[in-house]
Amino acid sequence: MSADTPARSMLPKPLWNGRFHACACCTPSFDPLNDPPSKARRNFLAGGIAALSLGASATRRAAAQPTPVKVRIDVHHHYLPPVQAKAFADSHVGAPKWSPQMSLEDMDKAGVQKSVLSLVQPGVWLGNVEAARKLARECNDYGAQLRKDYPGRFGLFAAIPLPDTEGSLREIEYALDVLKADGIALYTSYAGKYLGDAAFVPVFEELNRRKAVVYTHPVSPACCGNLIAGVPDATIEYGTDTTRTIASLIFGDGGTAFKCPDIRFIWSHSGGTLPFLIGRFIRQTVVKKDPRMPDGPLPVVQKFYYEIAQGNLPGQFAALLKLVPVSQIMFGSDYPYREAIEAVQGLNDYPFSDAERSSINRETALRLMPGLAG
């Protein structure tokens, strides 16, 4: 919202219509927020008649504006099933406004053909095993129904109740075999445990056996909430938590990155702070002389995929492209927290070739998840 919105909202409705009101049945008016009265009066006679004569043709031109061609696949697009919204309200967890129509409208504005849905954070794990199992099943069924209700518009990253191993294994089977989900959605940490924790290895071994796609979104870490007054956790900690959980997969005692090399990980926000801290990762392997990484951590992180929501400024792209090739980068929006057009503009502002933009917008997602072509 712009700074002048409150002032504009106080104007009588018949007098405010964009920057200038030129209704023939009303007294000449001016925008007091942008035009001095004298300037408005001088311009009225010269511009008013022309505006009236051109109004019809201008309206026709506006109506004829083409809708953006839907070429993009968004792999970072949240949804909030009613059952999850109720669980959040019962647990006093904040949630954004969301509806299927809101998603579709934002997608259409940005030329997004299909969005792969993942739950609003923190997902289904609110500390109770049975409640998390039930919530995961109901949310996944809701997401699968959305795919049927809106053919060709949505994919699905299914939720699992990690850190409940038995419940997670059961839901992986249901989501991938019955619902035919496009992958599994996880969060960077659960009650202080990162994804590389040994406790999660059985779940990752099953995902590895299936060569599953695993989309990962950050959350506020247990260690570091409310550190700086006036700065929300998401501003700093989300990007950092992504880097922490990648470090846990590589350096943690679970050895998950090496035990489970066939999982196709997608990391949010252009990898968080990873592109800026990779030198420290390299140094860590030199100090530890880890036999699992004779060539250091680069071959590991270069196998991962990265989406560009809130990671699409020129400096962020430049750093990420020093780490991985364009073939590992995908389009993401972070809707409803951000509009998809923001990522589109960031992508267009960077000097990618047409082929590179096409790869990011669509081709890599289809290569990774061919089912999205349907």
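Look up: the structure comes first, before these words.
Report follows, based on the coordinates. (Residues numbered from 1 in each chain as written. Predicted model: local features only at pLDDT ≥ 70, side-chain atom pairs only at ≥ 80, totals over all residues. Heavy atoms only, no water.)

**Observations concerning the overall build of the protein chain**
Right, so step 1: The number of helices and strands found in the protein chain is 14 helices and ten strands.
Right, so step 2: Looking at the protein chain as a whole, 48% of its 374 residues qualify as buried.
Right, so step 3: Counting contacts in the protein chain only where the partners sit at least 6 residues apart, residues at least 24 apart contribute 76% of the total.
Right, so step 4: For the protein chain, the exposed area adds up to about 18200 Å²; of that, 58% sits on carbon and sulfur atoms. (Helix = DSSP H or I, 4+ residues; strand = E, 2+ residues; numbered from the N terminus. Buried < 20%, exposed > 50% of the residue type's maximum accessible area, 1.4 Å probe, protein only. Contact = heavy atoms within 4.5 Å. Areas by Shrake-Rupley, 256 points an atom, 1.4 Å probe, with all protein chains shown as cover.)

**Here's the deal with the nonpolar core**
One broad trend across soluble globular proteins is that nonpolar side chains are buried collectively.
Right, so step 1: With 78 residues, the main nonpolar core has Ile184, Leu186, Phe204, Leu207, Ile250, Val301 and Tyr306 as its most contacted residues.
Right, so step 2: Ranked by residues supplied to this core, first place goes to helix 5 (residues 129-149) with six residues.
Right, so step 3: Contact partners of Leu186, with chain neighbours within four places excluded, come to Ile160, Leu162, Leu195, Phe204, Val214, Tyr215, Thr216 and His217.
Right, so step 4: Membership of the second largest hydrophobic core comes to 14 residues, among which are Val75, Val116, Tyr215 and Leu368. (Core = buried A, V, L, I, M, F, W, Y, C linked by side-chain atoms within 4.5 Å.)

**Looking at the state of the cysteines**
Two cysteines form a disulfide when their sulfur atoms are joined by a covalent bond.
Right, so step 1: By the definition in use, this model includes one disulfide.
Right, so step 2: Linked covalently through their sulfurs, Cys223 and Cys224 form a disulfide whose S-S length is 2.1 Å. Across the disulfide from Cys223 to Cys224, rotation about the S-S bond amounts to roughly -95 degrees, and the bridge is consequently left-handed.
Right, so step 3: Exposure remark for Cys223: the relative accessible area of 52% places this residue in the exposed category. (Disulfide = S-S within 2.5 Å.)

**Quick word on the environment of Arg264**
Right, so step 1: By the secondary structure assignment, Arg264 is in strand 8 (residues 264-267).
Right, so step 2: On the accessibility criterion, Arg264 (28% relative accessible area) is partly exposed.
Right, so step 3: It is 6.2 Å that separates the C-alpha atoms of Arg264 and Ala212, two residues lying 52 residues apart in sequence.
Right, so step 4: Apart from the residues lying within four places of it in its own chain, the contact partners of Arg264 are Lys211, Ala212, Val213, Val214, Tyr305 and Leu368.

**A short note on the layout of surface pockets**
Right, so step 1: Looking at the largest pocket, its volume works out to about 550 Å³.
Right, so step 2: Lining the largest pocket we find 25 residues, and of these His269, Gln310, Gly311, Gln316 and Arg338 sit closest to its centre.
Right, so step 3: If you list the elements that add at least two residues to the lining of the largest pocket, you get helix 8 (233-251), helix 10 (274-288), helix 12 (314-323) and helix 13 (340-349).
Right, so step 4: Residues of the lining of the largest pocket, tallied by class, amount to eight nonpolar, 13 polar and four charged. (1 Å grid on protein atoms, 1.4 Å probe; cavity = no way out; pocket = protein on both sides within 12 Å on 5 of 7 lines; lining within 4 Å. Points joined across faces, edges and corners; volume = space filled by probe spheres on them. Nonpolar A, V, L, I, M, F, W, Y, C, P; charged D, E, K, R; others polar.)

**Remarks on helix 4 (residues 100-110)**
Right, so step 1: Of all the positions in helix 4, only Pro100, Ser103, Leu104, Asp106, Met107 and Ala110 are classed as buried. Along the axis of helix 4, the buried positions cluster into a sector of 165 degrees, meaning they face one direction only.
Right, so step 2: Contacts from the buried residues of helix 4 go to strand 1 (72-79), strand 2 (112-119), helix 5, strand 3 (154-159) and helix 13.
Right, so step 3: Where helix 4 ends, the next residue or the one after it, Gly111, has phi of about 70 degrees, a positive value. (Arc of directions from axis to C-beta.)

**Structural notes on empty space enclosed by the protein**
Right, so step 1: Under the counting rule described, the total for this entry stands at one cavity of 30 Å³ or more.
Right, so step 2: Looking at the largest cavity, its volume works out to about 50 Å³.
Right, so step 3: In this structure, the largest cavity is lined by Pro122, Gly123, Val124, Trp125, Ala159, Ile160, Ala185, Tyr187 and Tyr190.

**Comments concerning the side chain of Ser189**
Right, so step 1: Tracing the backbone through its elements, the reader meets Ser189 in strand 5 (residues 189-190).
Right, so step 2: Taking the relative accessible area as the measure of exposure, Ser189 reaches 9% and is therefore buried.
Right, so step 3: Side-chain polar atoms of Ser189 contact the side chain of Asp241, separated by 2.9 Å.
Right, so step 4: Beyond its immediate stretch of four places on either side in the chain, Ser189 contacts Tyr194, Val219, Pro221 and Asp241. (Polar contact = N/O pair within 3.5 Å; in protein donor to acceptor, adjacent residues only side chain to side chain.)

**Topic: the pairing of strand 3**
Right, so step 1: Burial within strand 3 is extensive, with six of its six residues counted as buried.
Right, so step 2: Covered by surrounding structure in strand 3 are Phe154, Leu156 and Ala158 together with Gly155, Phe157 and Ala159, the residues of both alternating faces.
Right, so step 3: Across three bridges, the pairing between strand 2 and strand 3 is parallel. Across the sheet, the residue bridging to Val116 is Gly155, located in strand 3.
Right, so step 4: Sheet topology places strand 3 next to strand 4 (residues 183-187); three bridges connect them, and they run parallel. Residue pairing in the sheet places Ala159 in a bridge with Ala185 of strand 4.
Right, so step 5: As a crossover connection, the stretch from strand 3 through helix 6 (residues 165-178) into strand 4 is right-handed. (Pairing = 2+ DSSP bridges. Right-handed = clockwise from strand over helix to strand, strands pointing away.)

**Notes on the packing of aromatic side chains**
Right, so step 1: Inspection of every chain in the model, using the stated rule, returns 15 aromatic pairs.
Right, so step 2: Judged by centre distance (6.1 Å) and plane angle (45 degrees), the ring pair of Phe204 and Phe265 falls under tilted. Placement of the pair is Phe204 in helix 7 (residues 201-209) and Phe265 in strand 8, with a sequence separation of 61 residues.
Right, so step 3: Exposure remark for Phe265: the relative accessible area of 3% places this residue in the buried category.
Right, so step 4: Joined through ring pairs, the aromatic side chains of Phe204, Phe265, Trp267 and Phe304 make up one cluster.
Right, so step 5: In this arrangement the basic side chain of Arg72 is found over the ring face of Phe331, its NZ or CZ atom lying 6.0 Å from the centre. (Phe/Tyr/Trp six-rings, centres within 6.5 Å; stacked < 30°, edge-to-face > 60°. Lys NZ or Arg CZ within 6 Å of the ring centre and 35° of its normal.)

**A short note on the sheet that holds strand 3**
Right, so step 1: Reading across the sheet, the eight strands line up as 1-2-3-4-7-8-9-10 and stay open at both edges, with parallel pairing between neighbours. The sheet is open, and its two edges are formed by strand 1 and strand 10 (329-330), each paired on a single side.

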